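Summary of the model geometry
Residues per chain, in single letters:
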Amino acid sequence: MTSDLHQMPVLGDLEVAVLESLWIDSEATAKQLHEALASERGISLNTVQSTLERLHRKGLVSRRKRSHAYRYRAAVGREALVAGYLKDMLQRFGGDPAVSLAAFVESAEDVDETTLDRLEAALHRRRERGENK
């Protein structure tokens with residue numbers, strides 16, 4: 001899966017939690033993910049396995065058989081997935097992209113200075129890539 005997703009899949013809270021775990025640990029079995037998520041969510045191993053199957057069908061996780069269990073990895077990075085959702089939102093509402101992005105910035109009023117610095121650096125890198133094309 002790339003950052004050029006055509007239609008963004010709808011994700012439930014547990015699907016997002018599983019992806020978050022995979023972005024941190026890079027690879028895990030359903031049992032390992034269950035151990036990481038069960039105490040705070042009160043879910044069964046079966047629920048985690050079903051969630052992984054849905055994420056696999058959506059193309060958001062890859063899996064490979066190792067011994068008797070699948071090992072799962074995120075098939076898309078956090079930044080690429082979030083960028084896809086933002087791009088999808090901007091396209092859905094059409095109009096002037098600058099207005100949509102300004103609204104996004106306005107909605108992030110509680111963002112701390114460190115995050116704003118990271119955003120500014122990312123925008124600077126994006127501008128440099130655009131100039132080098």
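This text follows the structure it describes.
Throughout, a residue's number is its position along its own chain's written sequence, starting from 1. Given that this is a predicted model, residues contribute local features only at a pLDDT of at least 70 and side-chain atom pairs are listed and counted only at 80 or more, while totals for whole chains, interfaces and linings are drawn from all residues. Processing note: side-chain calculations cover all non-hydrogen atoms of the structure and skip hydrogens and water entirely.

Another aspect to go through is the nonpolar core. Counting residues in each nonpolar core, the largest one holds 20 residues, and the members touching the most others are Val 18, Leu 22, Leu 33 and Leu 52. Comment: elements are numbered from the N terminus, with helices defined as DSSP H or I runs of at least four residues and strands as E runs of at least two. Counting residues per element, the ones that place at least two in this core are α1 (13–25), α2 (30–41), α3 (45–57) and α4 (78–93). Sort the elements by how many residues they give to this core and α1 lands first, with five residues. When checking whether two residues touch, look at their non-hydrogen atoms; a contact exists if any pair is within 4.5 Å. Excluding anything up to four places from it in sequence, Leu 52 contacts Val 18, Ala 30, Leu 33, Val 61 and Tyr 72. What is meant by a nonpolar core is a set of buried Ala, Val, Leu, Ile, Met, Phe, Trp, Tyr and Cys residues, joined one to another through side-chain atoms within 4.5 Å. Burial classification: accessible surface area is computed with a 1.4 Å probe over protein chains only, and a residue below 20% of its type maximum counts as buried, one above 50% as exposed, and the rest as partly exposed.

Okay, the packing of α1 against α3 next. Following both chains from N to C, one finds α1 and α3 inclined at 85 degrees, their axes separated by 10 Å at the closest point. In this view, α1 runs roughly perpendicular relative to α3, as classed from their interaxial angle. Residues Leu 14, Glu 15, Val 18 and Leu 19 of α1 touch α3, and the partners they reach there are Thr 47, Thr 51, Leu 52, Arg 54 and Leu 55. Any residue outside Ala, Val, Leu, Ile, Met, Phe, Trp, Tyr, Cys, Pro, Asp, Glu, Lys and Arg is labelled polar, Gly included; the first ten of those are nonpolar and the last four are charged. Residues of the contact of α1 with α3, tallied by class, amount to five nonpolar, two polar and two charged. To obtain an axis, a line is fitted to C-alpha atoms, over the contacting stretch when the element is a helix, and the angle between two such axes runs from 0 to 180 degrees between their N-to-C directions. Just so you know how the angles are binned, under 35 degrees is roughly parallel, over 145 roughly antiparallel, 65 to 115 roughly perpendicular, and the rest oblique.

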